[in-house]
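Architecture and fold: a report
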Amino acid sequence: MTGSVHGALMSHALAAASSTPQPLHATGIQNAAWLLLALPGLGAAVLLLGGKRTNSWGHLLGVAMPVLAFAYAVAAYVQMLGYPAGQRVRELTVFQWIDVGRFQIPLGLRIDQLSICFVLLITGVGSLIHIFAVGYMANDPERRRFFGYMNLFLVAMLLLVLGSNYLALYAGWEGVGLASYLLIGFWQYKPTAATAAKKAFIANRVGDAGLSVAIMLMFAQFGSVTFTGVFGAIGSASHGVATALGLLLLLGACGKSAQVPLQSWLLDAMEGPTPVSALIHAATMVTAGVYLIVRSAPIFNLTADARLAVAIVGAVTLLVGAIIGCAKDDIKKALAGSTMSQIGYMMLAAGLGPAGYVFAIAHLLAHGFFKAGLFLGAGAVKHEMNDEVDMRRFGGLWRIMPITWVTFGLGYLAIIGVPPLSGFFTKDPIIEAAFDKGGVSGALLGTAALIGAGITAFYMTRVMYMTFADGRRWDDGVHPHEAPPVMTSPMVVLAIGSVGAGAFLIVGNRLLNFLGPITGVPPVSHGLWTRYSTATFILVVIGGIIAWALYGRREVPVTAPVGSPVTVAARKDLYGDAINEGLLMRPGQWLTRLSVFFDNRGLDGLVNTVAATFGGGSGRLRRWESGFVRSYALSMLVGAVLLVGAFLLVRL
Amino acid sequence: MVTPAHFIALSVILFVIGAVGVLVRRNAIVVFMSVELMLNAANLAFVAFSRMHGGLDGQVIAFFVMVVAAAEVVVGLAILTAIFRSRRSASVDDANLMKY
């Protein structure tokens, strides 16, 4: 793939990007896009309101709804493919949502190239994970409630990506936060799960505040919060407003996507059931931040400063997540660190502007497959190991769980970027695009992404060896065997996606051609194999060899060794919690104590003193009212004498 | 020669006697009589000034005061009788329930 094809593509897409495509009215099948929200909404309502009566068949309904939604999404996608590239942005209004004077907000849905990518990912991977959960949650007495929450999550997530204005997006944004909270704390009798749920909710609130302020700023500046209105008016906004909007949106994205500095909640979120980790905390919800940035591309295109901030956040997070992933012995937490890291790649790509938007989405879609597959594999292992998650107590599982091993292994090869699997096609362009940015920042960002690829290879190889390689370390009471077909079949499908998604999206510029009118196209074309690919591949091999030397060649000790200071720091999430506690929580407590002190002594003191003065004074004054007629007569006499005396004095 | 100053002096003396009586006596009947004394001291002053100025206003007011005093005594004695019936006491210091 070189210049000529790409050049033609570029000019075409640039022409399209220069005049943002105006949305047309949805017709035909797409006109029923509300079904995407209604189907899982119905599922959630029936399962959550139906009570125990629905216990016997609730999970079937819970699976059927996302599958139906996926079928509808495919139909809408096919219809979209029938339109020429310039007419693929379609909108429909479900109902007038807010109608207050000049503040008119319809609950509108926008079906365009970007949202349909997400809808297909959410409903497709969501359906697979729902099917997996039927087996995974089979013995849980609360399985019906679980499926109710999962369907609720799908409603909110689909609203998030389908909304045609920022307020609808925000409603979905808060909805997924709620679903995430409910599902992290699903086993709320465990104090750790309850705490983790609260932590996720609070960390997300910080980001949500950024997003809500951004929406208010949009309304104040442009008088509109619809995508069409904001993107139409953003061209006339000042650079400062655009940058402020960009940074506020970035804050929102950091919260939802667990990016530094709001990353601390994701690792604890692994307290939730594993299908939740796969769907919400790997494949879909945590990528909402990337969606937000790419969706707001017209804003970010105007402000290099905000873009650079996005890229820096991404680069820092991809390293932080990778380093944390290296030290965790809990298989789910190792994967959670990896999720942070991979989303860091996406943010980095999104921060590169039109050069990276497409690759951010490509990596996001491919990541949806392989990370969901990895989490389901981890879930299957955990399920068979009596809920053990410590990889130091695994080992030798490849003989016992061959399907899990193969599917997990394919996801592993995909994530570290071994050609020709997904990660290679979607991660290498991000590294290249970072270097292509040029200048010091480009070199630094590219180097971070390159090193991250090597660390990724290290920690994922470590996970593979500790879990599947020979040398069983589990207790005698554990009898693992292969998971049932209802769990393995989604893993197989996701493994196929892990293998093929990257090539499907990138080879022949398929995703680029598709998304180009929305996101613009990179100014520089990339070959499939560049010098950066060579460098990445060498680092990946080195990372894998180091992991083999440490965990493959040698016995893995059942109790963790003390480790170097870096290991200790990484085990403690690079002191993320300690920093939050020291910088935010403790000063916050001091502030509240100070406020309480001032309130008690200052404000209350003033008010109480005044009240006490009047109370005491009137208590003494009322003693005059003695009930003795003669004392009243005396006071009248004295008063009269005084009056007369005064008159006489004035007269004189 | 009796001048208005004499009338005024007598009026002041009567008023002071009445006022002291109101302040120092406890028996409600005596207090009443002292009040009457003060009223009549005022009446005396009115009448004396009326005569001095040659107008009738002061005399008219003196009549009004007598009427009011008569009505007041009627009501006052009725209350006093009622209190005495229930408490067996005519001391104004004993009727001190209405206080702070």
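This is a predicted model, so every value here is computed, not measured.

Let us look at the overall build of chain B. Secondary structure assignment for chain B yields three helices and zero strands. Put simply, chain B runs from its N terminus to its C terminus through helices and strands in the order α-α-α. For 100 residues, the compact-globule estimate of 2.2 N^0.38 gives 13 Å, and chain B exceeds it by more than 25% at 17 Å. Considering only C-alpha atoms, chain B reaches an extent of 50 × 25 × 25 Å along its principal axes. The 100 residues of chain B split such that 27% are buried.

Turning our attention to the interface of chain B and chain A. Contacts between the two partners involve 13 residues from chain B, matched on the other side by 11 residues from chain A. The junction of chain B with chain A conceals about 1100 Å² of combined surface from both sides, 62% of it contributed by carbon and sulfur atoms. Three residues stand out in chain B for area buried against chain A, namely B:Leu23, B:Asp93 and B:Tyr100, and they jointly supply 55% of the buried area on that side. Our count for the contact surface shared by chain B and chain A stands at one salt bridge.

For sheets, the rule is that strands pair by backbone hydrogen bonds, running either parallel or antiparallel. All names here are of chain A. An order of S1-S2-S3 is seen for the three strands of this open sheet, with the pairing classed as mixed. Strands at the two margins of the open sheet, each flanked by one partner only, are strand S1 (24-25) and strand S3 (103-111). Examined bridge by bridge, S1 and strand S2 (residues 90-100) share two bridges and lie parallel to one another. When the sheet's bridge partners are listed, leucine 24 is paired in S2 with arginine 90.

What follows covers the pattern of salt bridges. Side chains that carry opposite charge are capable of pairing whenever their charged atoms lie near each other. Counted by the stated rule, this structure contains 19 salt bridges over all chains. Here A:Lys328 makes a salt bridge to A:Asp573, at a shortest N to O gap of 2.7 Å. With a gap of 245 residues between them, A:Lys328 in the loop between helix H14 (304-327) and helix H15 (331-350) and A:Asp573 in the loop between helix H24 (565-571) and helix H25 (576-621) connect regions that are remote in the sequence. Side by side, A:Lys328 and A:Asp573 carry an identical accessibility label, which is buried. Across the salt bridge formed by B:Asp93 and A:Arg630, the nearest N and O atoms sit 2.5 Å from each other. With B:Asp93 in the segment after helix H3 (57-87) and A:Arg630 in helix H26 (residues 629-651), the pair connects residues from two separate chains. Judged on exposure class, the residue B:Asp93 and its partner A:Arg630 are both buried. Connected through salt bridges with shared partners, the residues A:Glu91, A:Arg110, A:Asp112 and A:Arg295 form a single ionic network.

All names here are of chain A. Within the secondary structure, serine 296 sits in the loop between helix H12 (288-295) and helix H13 (297-300). Residue class for serine 296 comes out buried when judged on its relative accessible area of 0%. Apart from residues lying up to four places away in sequence, serine 296 is in contact with Tyr166, Phe231 and Leu249.

Residue and element names in this part refer to chain A. Where H15 contacts helix H19 (residues 422-436), the axes come no closer than 10 Å and their chain directions differ by 45 degrees. In this view, H15 runs oblique relative to H19, as classed from their interaxial angle. When the axes of H15 and H19 are compared, the crossing they make is left-handed. Across the interface between the two elements, Gln342, Tyr345, Leu348 and Ala349 from H15 touch Lys427, Ile430, Ile431 and Ala434 from H19. Residues of the contact of H15 with H19, tallied by class, amount to six nonpolar, one polar and one charged.

Residue and element names in this part refer to chain A. In terms of burial, helix H11 (residues 274-283) is a largely internal element, 10 of the 10 residues being buried. Among all positions in H11, only Thr274, Pro275, Val276, Ser277, Ala278, Leu279, Ile280, His281, Ala282 and Ala283 are buried. Summarising the contacts, the buried residues of H11 are in contact with helix H4 (113-136), helix H5 (143-162), helix H6 (166-184), helix H10 (264-268), H15 and helix H16 (357-384).

Before going further, it helps to examine the packing of aromatic side chains. All names here are of chain A. Tallied over the entire structure, the rule returns 20 aromatic pairs over all chains. Considering the side-chain rings of phenylalanine 227 and phenylalanine 231, the 5.8 Å spacing of their centres and the 5 degrees angle between planes classify their relative orientation as stacked. Here phenylalanine 231 and phenylalanine 227 lie together in helix H8 (residues 227-233), a separation of four residues that amounts to about one turn. By relative accessible area, phenylalanine 227 is classed as buried at 0%. Judged by relative accessible area, which is 11%, phenylalanine 231 ranks as buried. By way of ring pairs, the aromatic residues Phe146, Phe147, Tyr149, Phe186 and Trp187 are connected into one cluster. Above the face of the tyrosine 83 ring, arginine 90 is positioned so that its terminal group lies 3.7 Å from the ring centre. Its end group placed over the ring of phenylalanine 504, arginine 510 keeps NZ or CZ at 4.5 Å from the ring centre.

Residue and element names in this part refer to chain A. The pairing of S2 with S3 spans nine bridges and is antiparallel. Within the sheet, the bridge partner assigned to glutamine 96 lies in S3 and is proline 106. The hairpin turn running from S2 into S3, its antiparallel successor, is two residues long, and glycine 101 in that turn takes a positive phi close to 55 degrees.

Averaged over all residues, the pLDDT of chain A equals 90, while 97% of them reach at least 70. Scored below 50 in pLDDT, residues 1-19 of chain A makes 21 contacts in the model with residues more than four places away or belonging to other chains.

Residues and elements named next belong to chain A. Position of arginine 102 relative to the elements: it lies in the loop between S2 and S3. Taking relative accessible area as the criterion, arginine 102 reaches 68% and is therefore assigned exposed. Along the backbone, arginine 102 and tyrosine 291 are 189 residues apart, and their C-alpha atoms lie at a distance of 29 Å.

What counts, and at which threshold
Residues numbered from 1 in each chain as written. Chains lettered and ligands numbered in written order. Predicted model: local features only at pLDDT ≥ 70, side-chain atom pairs only at ≥ 80, totals over all residues. Heavy atoms only, no water. Helix = DSSP H or I, 4+ residues; strand = E, 2+ residues; numbered from the N terminus. Rg over C-alpha atoms; globule rule 2.2 N^0.38 Å. Buried < 20%, exposed > 50% of the residue type's maximum accessible area, 1.4 Å probe, protein only. Contact = heavy atoms within 4.5 Å. Buried area = accessible area lost by both parts, 1.4 Å probe. Salt bridge = Lys/Arg side-chain N within 4 Å of Asp/Glu carboxyl O. Pairing = 2+ DSSP bridges. Axes fitted to C-alpha atoms, helices over the stretch in contact; angles between N-to-C directions. Parallel < 35°, antiparallel > 145°, perpendicular 65-115°, else oblique. Left-handed = near helix turned anticlockwise from the far one by under 90°. Nonpolar A, V, L, I, M, F, W, Y, C, P; charged D, E, K, R; others polar. Phe/Tyr/Trp six-rings, centres within 6.5 Å; stacked < 30°, edge-to-face > 60°. Lys NZ or Arg CZ within 6 Å of the ring centre and 35° of its normal. pLDDT = per-residue confidence, 0-100.

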